[in-house]
Amino acid sequence: MKTRFLKVAAAAALTVAVLSPAAMAQEVTLKVHHFLPASSFAQTLFIQPWCDRIAKESNNKMKCQIYPSMQLGGSPPQLFEQARDGVADVIWTLPGYTAGRFPSIEVFELPFMMQSPEATSKALWDYVDQYAKAEFKDVKPLAFHVHGDGVFHMTNKPIRTAADLKGLKLRAPTRTTNKFIALLGGTPVSMPVPQVGDALSKGVIDGAVVPYEVVPAVKIQELVKFHSETDPAEPAFYTATFVFAMNQAKYDSLSPELKKVIDHNSGQALSGMAGKAFLQADVEGKKTTTKNTVNVIPKAELENWKKIGQPLTDDWVADMNSKGKNGKQMLDGAKALIAKHAAGK
């Protein structure tokens, strides 16, 4: 009887050894958290396709459970900490939602830095690798990217010159853009994207600066009458940086096979794909504004804006220098990387 018991116990132990932890670790569901609705272009054109690729390449051993609209709790500025602490396995958010925490990459949010979202996103990945790794050491970055041209979405009047901004309250996403709007004569109001619709409907703000891709996600096209773009031949008057990041411990817990899948779907290539997806999203988002009035702010006026915004660049360089870094070198490095990828190198 005792011998039989020992044989059964040994067989059970062998079964457990075979199934865990290696075998069971092969079945992974990643909790992916972000702040926009499931219908947003961020999810349909970027996050969901990424999830589909990792599922396919892992033979469905690794899948996503996407939680849009902050369904895991918290607020958009807390998403980075959620990735760090393991509340979520993967997050998508704006570093700029936590003003001043990621100062090195704010160079990409300076006025008139970005013209091609795809090229600039690739440049941003390379830039972080060279200059800003320490700012993201608490997570495993999967991609960095920017969105397309920022656009003024206004309730009562279009923006044609800086003078048109005087006395108006505008939502902006980052501290750099807030400062720029103030220099141009407007009154900046900081808030995450999900709050924009309510703020517009209640008259808390007179307009918002966001790319077209955000418009349908918060129904901006139903709340404003005017959309003021900048000359498309010129760099964007603003863009914002995004991070798509994974909890480091979650990544470390993956089998070599699954780590390989994540590695294959992260980095400079994924960053470029994200930038390209957001450019496509702008095209789709603009289609929802056909009942409203669109105007283009001309190059001549933007040349004036460039002069007005120059102190922001000077201040950023000085801030980096005060932190013991070489601000001019970092600024020149960012511009060189953008030019390199814009040329397809």
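Residues numbered from 1 in each chain as written. Predicted model: local features only at pLDDT ≥ 70, side-chain atom pairs only at ≥ 80, totals over all residues. Heavy atoms only, no water.

> Any chance you could explain the nonpolar core here in plain terms?
Within soluble globular proteins, side chains that are nonpolar generally end up buried alongside one another. By size, the foremost hydrophobic cluster in this structure holds 101 residues, and its most contacted members are Leu-30, Trp-50, Trp-92, Phe-152, Phe-244 and Trp-305. When sequence neighbours within four positions are dropped, the list of residues in contact with Phe-152 reads Ile-159, Leu-165, Leu-170, Ala-208, Val-209, Phe-226, His-227, Ser-228, Phe-237, Ile-297 and Trp-305. (Core = buried A, V, L, I, M, F, W, Y, C linked by side-chain atoms within 4.5 Å. Buried < 20%, exposed > 50% of the residue type's maximum accessible area, 1.4 Å probe, protein only. Contact = heavy atoms within 4.5 Å.)

> Looking at this model, I keep getting lost on the state of the cysteines. Mind explaining?
Disulfide: a covalent bond connecting the sulfur atoms of a pair of cysteines. For the structure shown, the criterion picks out one disulfide. Paired by a disulfide, Cys-51 and Cys-64 hold their sulfur atoms 2.3 Å apart. Residues Cys-51 and Cys-64 are joined by a disulfide whose S-S torsion is about -90 degrees; by sign, that bridge is left-handed. Here Cys-64 lies in strand E2 (residues 62-67) and Cys-51 lies in helix H3 (residues 41-57), a separation of 13 residues in the sequence. (Disulfide = S-S within 2.5 Å. Helix = DSSP H or I, 4+ residues; strand = E, 2+ residues; numbered from the N terminus.)

> Explanation requested: the pattern of salt bridges in the structure shown.
Once the charged atoms of two side chains with opposite charge are near each other, the side chains can pair. Across all of its chains, the model carries 16 salt bridges by this definition. A salt bridge links Glu-257 to Lys-61; the nearest nitrogen and oxygen atoms lie 3.4 Å apart. Placement of Glu-257 in helix H9 (residues 256-264) and of Lys-61 in the loop between H3 and E2 is noted, with a sequence separation of 196 residues between them. Since its relative accessible area comes to 26%, Lys-61 is described here as partly exposed. One connected set of salt bridges, linked through shared partners, spans Glu-234, Lys-299, Glu-303 and Lys-306. (Salt bridge = Lys/Arg side-chain N within 4 Å of Asp/Glu carboxyl O.)

> I tried to follow the packing of aromatic side chains on my own but got confused; where do I start?
Two aromatic rings are characterised by how far apart their centres lie and by the angle between their planes. Per the stated rule, a full pass over the model turns up 21 aromatic pairs. An angle of 65 degrees between the planes, with centres 6.5 Å apart, marks the rings of Phe-46 and Phe-278 as edge-to-face. Here Phe-278 lies in helix H10 (residues 268-286) and Phe-46 lies in helix H3, a separation of 232 residues in the sequence. The buried category is assigned to Phe-46, whose relative accessible area is 3%. A centroid spacing of 4.7 Å and a plane angle of 10 degrees characterise the contact between Phe-152 and Phe-237, whose relative ring orientation is stacked. Here Phe-237 lies in the loop between strand E9 (226-230) and strand E10 (241-246) and Phe-152 lies in strand E5 (residues 151-154), a separation of 85 residues in the sequence. Put simply, the rings of Phe-35, Phe-46, Trp-50, Trp-92, Tyr-97, Phe-242, Phe-244 and Phe-278 touch in pairs and so form one group of aromatic residues. (Phe/Tyr/Trp six-rings, centres within 6.5 Å; stacked < 30°, edge-to-face > 60°.)

> Could you clarify how one ought to interpret the environment of Pro-117 in this entry?
Tracing the chain through its elements places Pro-117 in helix H5 (residues 117-132). For the pair Pro-117 and Val-204, spaced 87 residues apart in sequence, the C-alpha separation works out to 31 Å. Non-local contacts of Pro-117, meaning those with residues more than four positions away in its chain, are made with Val-146, His-147, Gly-148, Gly-275 and Leu-279.

> Looking at this structure, I do not really get the pairing of E2. What am I missing?
A regular strand carries its side chains on alternate faces of the sheet. Across six bridges, strand E1 (residues 28-33) lies against E2 in parallel orientation. Residue pairing for E2: Leu-30 is matched across the bridge by Cys-64. In this view, the connection linking E1 to its parallel neighbour E2 by way of H3 has right-handed handedness. (Pairing = 2+ DSSP bridges. Right-handed = clockwise from strand over helix to strand, strands pointing away.)

> How should the sheet that holds strand E4 (residues 140-146) be read in this particular structure?
Whenever strands of a sheet pair, they do so through backbone hydrogen bonds, lying parallel or antiparallel. Pairing is mixed across the open sheet formed by five strands, whose spatial order is E2-E1-E3-E10-E4. Either end of the sheet is taken by a strand with one partner, and the two such strands are E2 and E4. Taken pair by pair, the neighbouring strands of this sheet meet at an average axis angle of 20 degrees, ignoring direction. The strands touched by H3 are E1, E2, strand E3 (90-93), E4 and E10; relative to E2, the strand with the most contacts, the crossing angle is about 155 degrees. Contacts from H10 reach E3, E4 and E10 within the one sheet, and its direction differs from that of E4 by about 35 degrees. (Axes fitted to C-alpha atoms, helices over the stretch in contact; angles between N-to-C directions.)

> Would you explain the sheet that holds strand E7 (residues 187-190) in this entry?
With mixed pairing, the six strands of this open sheet are ordered in space as E7-E6-E8-E5-E9-E11. Two strands in the sheet have a free side with no partner beyond their single neighbour: E7 and strand E11 (293-297). Neighbour to neighbour, the strand axes of the sheet diverge by 25 degrees on average, direction disregarded. Where E9 and E11 come together, five bridges link them in parallel fashion. Within E11, the residue paired with His-227 across the bridge is Val-294.

> When you look at the side chain of Thr-289 in this model, what are you seeing that I'm missing?
Position of Thr-289 relative to the elements: it lies in the loop between H10 and E11. Every residue in contact with Thr-289, bar those within four places of it in the chain, is listed here: Tyr-212, Val-215, Gln-221, His-227 and Val-294.

> Explain the side chain of Glu-135 here, please?
Structurally, Glu-135 can be placed in the loop between H5 and E4. The class for Glu-135 is buried, based on a relative accessible area of 16%. A polar contact is formed between the side chain of Glu-135 and the side chain of Ser-104, at a distance of 2.6 Å. (Polar contact = N/O pair within 3.5 Å; in protein donor to acceptor, adjacent residues only side chain to side chain.)

> Sorry, what's going on with the packing of helix H11 (residues 299-322) against helix H12 (residues 327-342) here?
Two quantities define a packed helix pair, namely the angle between the helix axes and the distance between the axes. Remark: H11 packs on H12, axes separated minimally by 7 Å, with the N-to-C direction vectors making an angle of 125 degrees. Classed by the angle they form, the pair H11 and H12 counts as oblique. Residues Thr-313, Trp-316, Val-317, Met-320 and Asn-321 of H11 form the contact with H12, whose participating residues are Gly-327, Lys-328, Met-330 and Leu-331. When grouped by side-chain class, the residues that make up the contact of H11 with H12 number five nonpolar, three polar and one charged. (Parallel < 35°, antiparallel > 145°, perpendicular 65-115°, else oblique. Nonpolar A, V, L, I, M, F, W, Y, C, P; charged D, E, K, R; others polar.)

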